[in-house]
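Residue-level structural notes
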Amino acid sequence: MEDIDNIEEDDFGFSRNYFLAKELGGSSKRSARKLSDINIVDEQELRETAFSIETKHEKEISELLNEYKTMYPKWIFELRCGFGLLMYGFGSKKGLIEDFASSSLTEYSVVVINGYLPSVNLKQVLLAIAELLSEMLKSRRKSSGSSSKGQETFPSRSIDDILSFLHGSQSEDKDCFICLVVHNIDGPALRDPESQQTLAHLASFSHIRIIASIDHVNAPLLWDKKMVHKQFNWLWHHVPTFAPYKVEGVFFPLVLAQGSTAQTAKTAAIVLQSLTPNAQNVFKILADYQLAHPDEDGMPTEDLYSASRERFFVSSQVTLNSHLTEFKDHELVKTKRNSDGQECLNIPLSPDALRQLLLDLSQ
Amino acid sequence: MAPSTTVADLPPSSTTDSFNSSAAAEENDIRPFFVLHKASSGSKSTATVKAKRRIESPSPKLAKRSEIESAGEEEGGHFFSTLRFKVFETVWSKIDNTIQGVLRDSNSKVFSGIHDWIWESFESIRSSGALSLSEAVRSYPVLSQPSSKQLFTALVLTRNLEMVDDLSTFEDLGSHLKSQGCHVAKLSSTDFSAKNGVGGCLRGLLRQFVMPTVDVADVTILASWYRESGNDKNPVVVIVDDTERCSGSVLSELILILSEWAVKVPVFIIMGVSTAHDAPRKILSASALQRLCATRFTLSSPAERMDAVLEAVFLKPCSGFTVSHKVALCMRSYFLCQDGTLTSFVKTLKIACLQHFSLEPLSIMLEHFCQDNQLPGEGTALLTEATMKHAFDLPSVTRNKITRSTCEMLPQFLLDLQRMPNPWCIVVLCIYEAGKFDKLRLLDIFCETLDPEARYLKYFSPPAILNSQSNVSGRTSVIRRVLRKLRDLSPAQLSSLLKSWERLTAEFSEINDKVMELHPFMRTVEAAGQRPGIPTSPKKHASRSNSKLEKELKAMTDKISAVIEFMLREYMKPVETVPFHEILCFKNVDKLQSALLGDPRSRIQSDLLESHNILHCMCCSQRGTTLLPSMHDTSILYMLAQEHAEVINLHDWYQSFKTILSPRNSKAKTTLKSKKRKDRCEEPEAPAEASIQARFCRAVMELQIAGLIRMPSKRRPDFVQRAAFST
C-alpha cells in the first residue's frame, strides 16, 4: 500500500515539474540570442576534434566495467534460465556487452546486430541465424548418430518462412541456444513495429536468447505486454558505463554544424551536381532571378517555365515539374503564393549562400 | 551478406583491454550485423561429460556432495554450477506445472461448454442434410435457404482488457478442441490487418487447415479439402483471440465469405472479447452481424485465477520455494498498480525464484522439498563444512542465537521447515475461507499474514472490535474485517464455513479438534433457526424466538472468533520467523524490483544528475551540487538544462557550458580581455574553442541519443526542446 502512495507521489512530482517548466516558458521571455552569434569553427574541424575528445574519468569507467564483469556469471545463469537481458543506463554499452559475449558466452554462437546503424536488414539477420542453427542441429545430429536431412536453402524464402523454420526446429535441450546481441534495439532501423514484432517473435523461440541495450528513455514504449512478458521476457539491468557513444553517434548531426550558411550551400551544391545539366540550368535561372529581385517573394512558376523553354532547358511543363519535384524533395526550392495569388518559387538560402552556390556550380 | 569468418576465428580475450576496440572490432562496428563467434565445442563437451558422470554415478547423493564441495572451493567462478541450474529447473518446472494445472482447471468448465456447444450445433447442421461430394465442390456456394447462412459463433468474454493472459487460454482451447477431433485454426489481429485484407486471413486459414505452403486465397480450396478424405466428419473451428484489435472491415468480410459457404463447410467461430459483450456490434458491419448466431461464454477473472495460483503455489504443497513479506507486497503492488496480468505475476515469481538461486548458495537444498517421499533429515546430508558455515551465518539463525554447538538440532529445524501440512498455510486458508463472505482476496490475506511483525491478537480485545466499527474508512486489517463480517453471517453461511474449515484442517488434528468442538453449538443454532413459522410469523410473536436465535448466533460467532484467535496465537508463524528460512524464502525485494521493471526514464536522468555517485571519483563528489569542469560533459550539460524551461536557447546553453569548462576568476577575465584587445589580429583561443564546441556537440548528441532533448526544428532553429522533466 505504501507503494501506491509512493507512485502517486512520484506522479505528482513529475506533473509538478512539467507544469513548472511550462509556466517558466510562458512567463519569462525567451532568450532571443542566435546560434550564429557563436563563432562556430568549420564543420570539418569540429568533426575531427569531436572524434578525438579524450574521455573523462577513464579510470573510473574501467573500474565500473570491471565491477560489471563480476556479474557475468549471473547474467549467463539468467540467460540459461530463459530470460532476455536488457541493459540500460547512460553510456555506450556496446563494449560491455561484446566483452561479455566474447569472454563468457563461448559455449554458444553469438550474432551481433548493430541497431544504431540505419541499414540493418532483419531478413539477412534471420538468414544468418537460420544457417547457424541448421549447422548446429546438423552437428548435434551427427554426434547423436542419426542421419542428417538434406541441405536447406534459405535465401529464397520470406521472413515468415524463415521464422516458421526456426520455430519448427526447436530442440528439446534447453541449454542449447544461439545468443543474439542487439546493440540499440531502440535504434532508428529497428524502431518500427514490424521490426520489433519480428525480433520479439525471434526472441520467443526456445533456442534464441536476446541480449539487448537501450539508450532512449522512452524505449519501453516500443513493446506491448505480450512482447515484454511472453516473448522478450526481459530482465532489466541498470548498467551505466559513461563510455562515449562513439559509433552510436556517427549518424547524428552535430548541433553546431547544422543550419549554418556554408553547410546548406554545400549540401545544396552536392545535390545539384548529381542532377542533369538541364536541371542545374533551371535552378540557375531561378537563383539569378532571386538575386536580381531580392524584395520579391520568388519567381512565378509560369515565368520560370517560359524562361527555361526559351533557352531549351525544358521542352514541356511536365519536364519542368519533374525538375521542380526533385528540387522540392531536397528542399532546394519552396513554393509560396505572392500577393497576386500566383505560385512563386523561392530558394531558402541567403543571397551570400546563393552566390557561393552559383560559384560552386559553375566550377 | 556473408557473415565474417575472420572475426569468428579471433580468440575471445577476457582482459580489460577487450573493452577497447581493436581494428577488427572497428570494422564490425559499421556492419549491420555479424557473427561474433560460433559455439565452441570444447567447453560444451566437458559439460556433457560432467552431466553423464553424475547420471552414471551409483550413488547420486555422493556425486552431488562432491559437486557442492567443489562449488564451495571455487566460490565466485563456479558459483553458478550446473547443479544450481538443474535444481532451479526442477523447482521452477514444478511451480510452472502447478500453475498450468490451476489454469487448466479454471478453464476446463468453459472449454467443455464450448466443446458441447460445437458438437450439438454440428450435429444439428448435419442432420439438416448432408451434401453430396459433387454438389459440395462446385465452384459456387450452395444457396438453399437464408437460415443456412448463419455462422455459429461463440463469444468468449475474457473479463480482462489485457490480452496477454488469454493468449495461452486460447491456445489451450485450440489444442483441447483439436484433441476432441475438431479442425482448428487460430487467427489473431495481425492476420486481420487492413494491409493484407481478407486474402491474408484466408491464406492463414488455408495454411493451417490444408497445407503450410498454400499461397492463394481461395475459399473453394477449403471447401474441397473439407469434403475430401473424411474431413467432413468433424467441425471446422476458427479461433480469433483478440477480436477488438482486428480490422473490423476485414473480419466482417471474412465472416460474410464463410457464411456464404456455411452449408458446405460448417465453420464455428470463437471470438475472444476482452471489453464488453457488445464489442462485436461496434467493430463488425451490420450485414456481418446478421450472419452470426452467437452464444456467450465467460472465463474467470484475473483476480480469481490469481488467488487460485497463489493457493496452489504457496499454500498447498508445491516446490517449497516461498517469498518474504516485502517481496509479496512488491508483487502485489506490481499486480494491482502496474500490470494486472497473471502472466506478469508468473514472470515476477520466476525472476524471484531465479534470483533466489543466484543469491543463496543453500537454495540447492530446495530440491529435497520438491521430492515428495523425503526421508527425514536427508537434506542435511548435503551440508558440507563450507555450506554449514554459511548456514549458521544466516541472519535468522544468529538472531535466534542458534550456534554451531547446537548443530545436531539442524535436522530438526530443517524438518520444521519442510513440515507438511504447514499449520501457517492452514490458518491462512481458514481465514481466506471466512473472508470469502466479505469478498476478501487471497492476495491481500496472503500479503498481510506474511508480515513477521504483525500483532493480530490485539483485534480480539473488545474495545478493538468496537473501534473497528467506527473506523470504516481507511485500510483495515483483513483479520479485523473477517471478525466484523462474522457477526453478519447467517446460520447457513456459518455452517458452510465450519464445513470448509473441517475439510481444510483434516490433516492437522490440533486445529481440527477445535473446529469439531464447534459442531454441537452449530446444531443448536440451526435448530433455533429452523423453528417453524419464524420467517413468516408476525413480528410480535416472533420477537422471542428471534432474540433466542440472535443470542445463539452471537454465542456461535464468539466461539468461532475464539477458534480464530487460537489459530492465530498458536500457529500464525510466518516463514520469516523460522530459523533457516533463508534456504527457501526469497527476500531481496530491491533486486527483484530492479530486474522486473527497469525505469530508464528516471534512471538515465539520475545517472546524469548524480554521475559522481556511479563513477565514485574523488574529483567531482567533493563540493555538493556545484558544477565542476572535471565532471562528465554530458552530465554538466544536462544539469545546466535543468535551469531552463521547456525550450533551451542553444547559444545561452553553450555559453554557460563554456563558462563551466573554462572557469576563471573575474580578474583573470579582464586581464585576458585587455590582452585580447591589444593583439586582436591573432587568434589566441581558437583550438580551445574548437574543442569546447566539439565537446558541446558530443554532449548534445548524447542527450539526443538518450531521448532527453529534441533537436532544433526549422521553425525554432536556435532552441532545443527538453523532453523529460523529472527524475
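Within every chain, residues take consecutive numbers counted from 1 along the sequence as written. Chain letters start at A and ligand numbers start at 1, both assigned in the order the entries are written. Per-residue local features are limited, in this predicted model, to residues with pLDDT of at least 70; the limit for side-chain atom pairs, both in listing and counting, is 80 or more; totals at the level of whole chains, interfaces and linings are taken over all residues.

Now for the overall build of chain A. Secondary structure follows DSSP: runs of H or I at least 4 residues long count as helices, runs of E at least 2 residues long count as strands, and numbering of each begins at the N terminus. Helices and strands together make up the secondary structure of chain A, namely 14 helices and eight strands. We call a residue exposed when 12 or fewer other C-beta atoms sit within 10 Å of its C-beta, buried when the count reaches 20 or more, and partly exposed for counts in between; the C-beta positions come from the backbone. In chain A, buried positions account for 38% of the 363 residues. Residue pairs qualify as contacts under a 7 Å threshold applied to their C-beta atoms, which are placed from the backbone. The long-range fraction of contacts in chain A, counting pairs at least 24 apart against all pairs at least 6 apart in sequence, stands at 79%.

A word on the sheet that holds strand S2 (residues 151–157) of chain B. Residue and element names in this part refer to chain B. Pairing between strands is defined by DSSP: at least two bridges between them are needed. As summarised here, the arrangement of the five strands in space is S3-S4-S5-S2-S6, forming an open sheet in which the pairing is parallel. The strands lining the two open edges of the sheet, one partner per strand, are strand S3 (183–187) and strand S6 (292–298). In this sheet, adjacent strand axes meet at a mean angle of 20° when their direction is disregarded. Two strands pair when backbone bridges link them, and S3 and strand S4 (residues 236–240) are joined in this way by five bridges, in the parallel orientation. Bridge pairing in S4 places Ala185 opposite Val238. Helix H5 (residues 82–127) contacts S2, S4, strand S5 (267–273) and S6 of the sheet and is inclined by roughly 160° relative to S6. Taken strand by strand, helix H7 (residues 164–179) contacts S3, S4 and S5, and its axis lies near 165° from that of S3. As a rule, the C-alpha atoms of each element are fitted with a line to give its axis, helices using only the stretch in contact, and angles between N-to-C directions run from 0 to 180 degrees.

Take the UniProt feature "domain: Origin recognition complex subunit 2 winged-helix" (unreviewed entry) in chain A next. Following the UniProt record, the feature "domain: Origin recognition complex subunit 2 winged-helix" (unreviewed entry) maps to residues 293–352 of chain A here. Note that residues 293–352 of chain A is 42% helix and 17% strand, and that its end C-alpha atoms are spaced 14 Å apart. UniProt positions are given in the numbering used here, feature names are shortened, and annotations may be inferred rather than shown by experiment.

Okay, the sheet that holds strand S8 (residues 343–346) of chain A next. Residues and elements named next belong to chain A. In spatial order, the strands read S6-S8-S7; together these three strands make up an open sheet with antiparallel pairing. The strands lining the two open edges of the sheet, one partner per strand, are strand S6 (299–300) and strand S7 (334–337). Bridge count for S6 against S8 is two bridges, and the pairing is antiparallel. Within S8, the residue paired with Met299 across the bridge is Leu345.

Let's shift gears to the interface of chain B and chain A. Across the contact, 89 residues belong to chain B and 95 residues belong to chain A. In terms of residue count, the dominant contributor to the side of chain B that touches chain A is helix H34 (residues 686–705) of chain B (14 residues). Basically, the charged four are Asp, Glu, Lys and Arg, the nonpolar ten are Ala, Val, Leu, Ile, Met, Phe, Trp, Tyr, Cys and Pro, and anything else, Gly included, counts as polar. Here the side of chain B that touches chain A is composed, by residue class, of 46 nonpolar, 24 polar and 19 charged. Strand direction decides the pairing type here: strand S2 (residues 110–114) of chain A and strand S1 (residues 33–37) of chain B, joined by four bridges, are antiparallel. Residue A:Val111 lies in a different strand from S1(B), and its bridge partner there is B:Val35.

We now examine helix H3 (residues 58–69) of chain A. An α-helical turn contains 3.6 residues, so a residue and the one three or four places further along point in the same direction. Taking 1.5 Å of rise per residue, 12 residues should cover 16 Å, and H3(A) covers 17 Å from first to last C-alpha, within 8% of that figure. For H3(A), the set of buried residues is A:Glu60, A:Ile61, A:Leu64, A:Leu65 and A:Tyr68. One side of H3(A) carries all its buried residues, which in axial view fall inside an arc of 140°. In this structure, H3(A) carries A:Lys59 and A:Asn66 as exposed residues pointing more than 90 degrees from its buried face. Check the buried side of H3(A) and you find it contacts helix H5 (94–104) of chain A together with helix H30 (611–615) of chain B. Here the expected span of a helix is defined as 1.5 Å times the quantity of residues minus one. Working definition: the arc comes from the directions between the helix axis and the C-beta atoms, pointing outward to the latter.

One nonpolar core equals one set of buried Ala, Val, Leu, Ile, Met, Phe, Trp, Tyr and Cys residues connected by C-beta atoms within 7 Å. Among the nonpolar cores identified, the biggest contains 196 residues, and A:Val111, A:Cys179, A:Leu180 and A:Val181 are the most heavily contacted of them. Here the element with the most residues in this core is helix H20 (residues 423–435) of chain B; it accounts for 10 residues. Among all residues touching A:Val181, those that are not within four sequence positions of it are A:Ile97, A:Ala101, A:Val110, A:Val111, A:Val112, A:Ile113, A:Ile211 and B:Leu36. Core analysis: the second largest hydrophobic core is formed by 47 residues, B:Leu173, B:Phe192, B:Leu206 and B:Ala223 among them.

Turning our attention to unusual backbone geometry. Residues and elements named next belong to chain A. Notably, Asn233 is not glycine yet its phi reads approximately 55°, a positive angle. Inspection of the secondary structure assignment puts Asn233 in the loop between helix H9 (225–232) and strand S5 (234–238). Even without being a glycine, Phe312 presents a positive backbone phi close to 60°. One can find Phe312 in the loop between helix H12 (301–310) and helix H13 (317–329). Overall, the presence of 9 C-beta atoms within 10 Å leaves Phe312 in the exposed class.

Glancing now at the confidence of the model for chain A. Residue and element names in this part refer to chain A. Known as pLDDT, the predictor's per-residue confidence is scaled from 0 to 100. The predicted model of chain A averages 82 in pLDDT, with 85% of residues at 70 or higher. The secondary structure element of chain A with the lowest average pLDDT is helix H1 (residues 2–27), at 60, and the one with the highest is strand S1 (residues 84–88), at 95. Note that residues 147–151 has pLDDT below 50 and, in this model, three contacts with residues that lie over four places away or in other chains.

As a general feature of sheets, a regular strand has side chains that alternate between the two faces. Residue and element names in this part refer to chain B. Counting buried residues in S5 gives seven out of seven residues, a clear majority hidden from the surface. Neither face of S5 is left uncovered, since the one carrying Val267, Ile269, Met271 and Val273 and the one carrying Phe268, Ile270 and Gly272 both have all their residues buried. Where S2 lies against S5, six bridges are found, and the strand directions are parallel. By the bridge assignment for S5, Val156 is matched with Gly272. Judged from the five bridges that link them, S4 and S5 form a sheet pairing that is parallel.

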